[in-house]
Amino acid sequence: MKEPRVGFISLGCPKALVDSEQIITELKSEGYQISPDYDDADLVVVNTCGFIDSAVEESLESIGEALDSNGKVIVTGCLGARAEEITSRFPKVLSVSGAHAKDEVVSAVHKHLPPLHNPYTDLVPAQGIKLTPNHYAYLKISEGCNHRCSFCIIPSMRGDLVSRPIDEVMLEAETLAQAGVKELLVISQDTSAYGVDLNYQSRIWRNTTYNTQFHSLVEALAELGIWVRLHYVYPYPHVDKVIPLMAEGKILPYLDIPFQHASPEILKRMKRPAASENNLKRIQSWREICPDITLRSTFIVGFPGETEQDFETLLDFLTEAQLDRVGAFAYSAVDGAKANELPAAVPESLKKERLQRFMQHQARISAKRMQGKIGRQAEVLVDEVVAQGAVARSQADAPEIDGQVFIDGATHLKPGQWVQVEFEEADEHDLWAHLI
């Protein structure tokens, strides 16, 4: 009898990608095959994103395409929290569930495509199924968030903070490292709040007691001997304690901190701490401890009530902070966000104009910082090899969102290799290098 085949579409952020990996791992363990196209699949699972309008539209288009091409579709993910909206537009979907809903998705697959049991086949590796290349993986340490930022609807879709016990996280991390993963990207909605919901309970890992807490987790991960990159780190004071670990080379000197804005008034409207001046002092102190630290952040322009003075404050912050990697988007009135009720909405044309000015301003900063790397030597991780040479990343570059290092002619290298290079050219995002 033919093995049941499931098509899979995974949209959205790395946290959603981890959800997809967990669902696929469970399905593979039960004998399901994962199909790369609609025609060969018995049904299709669409893991949606619902954070901003463009992501919602992409999710809805993907559901419609899957229905048109296959006819049997299960919907999950963040947009699944708005089930009525999905079922009213697509009444033929088989099932709708929210984010982090592995059991519900697997149950729906069982209902509409029963599994074939094959006790003689070992279908799943110890590290589970990964949708990333073999040499890096996302490590999700918690789900949900306790903040109620006015522009964000994540808590309504993913709930309050739920941390995984530290020994459970370390078991997954060690298994990944043993399977050949060279880089772990630590993710959650609020990474630096890790463990607060568990009262930082103590757990035993490899005969050592660790607290389920941000700094303890970083110390434990540092023992694996691979790259560890920290994402979505809210700048609580205790974050300062991990900077010395970066300076000592135990984890990557990289922090992804979503500042969102710099104007105290706008931060107040966003319901985020308004200590932008303190953030500048923190950044200065981090660089004093670890001069090679790479700082990435994201910002929103055109938030309701943002004046020209607020925007200029943001540009001044960029000038002072000299951040290495920056992403930005114009405010989008996401359904259900409290910020939609705020007065003084910024016109769409002005949002676009400010976003363009913001990106041009940051581009000059990024280009100057990248030029400062020319002539320096560094270790890079090879991501792929193409006809022209190797494409790699430095310690300053997270996959998909940051820059790349191009090594012309290095076609003998293999993905997952660490190699030493010297940087010889740069633009505002990427570097060109030769092997040492």
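Residues numbered from 1 in each chain as written. Predicted model: local features only at pLDDT ≥ 70, side-chain atom pairs only at ≥ 80, totals over all residues. Heavy atoms only, no water.

1. Details of the pairing of strand β3 (residues 43–48)
Here is step 1 of the chain: Most of β3 is tucked away: six of the six residues are buried.
Here is step 2 of the chain: Taking every second residue as pointing to the same face, both faces of β3 are buried, with Leu43, Val45 and Asn47 on one and Val44, Val46 and Thr48 on the other.
Here is step 3 of the chain: By the bridge criterion, five bridges tie β3 to strand β4 (residues 73–77) in an arrangement that is parallel. Within β4, the position partnered with Asn47 by the bridge is Thr76.
Here is step 4 of the chain: The handedness of the β3 to β4 crossover, carried by helix α2 (residues 53–69), is right-handed. (Buried < 20%, exposed > 50% of the residue type's maximum accessible area, 1.4 Å probe, protein only. Helix = DSSP H or I, 4+ residues; strand = E, 2+ residues; numbered from the N terminus. Pairing = 2+ DSSP bridges. Right-handed = clockwise from strand over helix to strand, strands pointing away.)

2. Topic: helix α4 (residues 102–112)
Here is step 1 of the chain: Considered for burial, the residues of α4 that qualify are Val105, Val106, Ala108 and Val109. Buried residues of α4 fall within an arc of 160° about the axis and therefore sit on the same side. Exposed side of α4, more than 90 degrees from the buried face: Asp103 and Lys111 are the residues found there. (Arc of directions from axis to C-beta.)

3. Focus: the side chain of Ser163
Here is step 1 of the chain: Along the chain, Ser163 turns up in strand β8 (residues 162–163).
Here is step 2 of the chain: At 2.9 Å, the side chain of Ser163 and the backbone nitrogen of Gly195 are in polar contact.
Here is step 3 of the chain: Engagement of the side chain of Ser163 in a polar contact is seen with the side chain of Asp197, the distance being 2.6 Å.
Here is step 4 of the chain: Once residues lying within four places of it in the same chain are set aside, the contact partners of Ser163 are Ile141, Ser142, Tyr194, Gly195, Asp197 and Leu198. (Polar contact = N/O pair within 3.5 Å; in protein donor to acceptor, adjacent residues only side chain to side chain. Contact = heavy atoms within 4.5 Å.)

4. Here's the deal with the sheet that holds strand β19 (residues 418–426)
Here is step 1 of the chain: Around the barrel, five strands lie side by side as β16-β17-β18-β20-β19; this closed barrel has mixed pairing. For this sheet, the mean inter-axis angle between neighbouring strands, taken without regard to orientation, is 50°.
Here is step 2 of the chain: Two strands pair when backbone bridges link them, and β19 and strand β20 (residues 431–435) are joined in this way by five bridges, in the antiparallel orientation. Along β20, the bridge assignment pairs Val421 with Leu435. (Axes fitted to C-alpha atoms, helices over the stretch in contact; angles between N-to-C directions.)

5. Examining the pairing of β19
Here is step 1 of the chain: Across five bridges, strand β16 (residues 377–386) lies against β19 in antiparallel orientation. Opposite Val380, over in β19, you have Val419 as the bridge partner.
Here is step 2 of the chain: Count of turn residues in the β19/β20 antiparallel hairpin: four residues.

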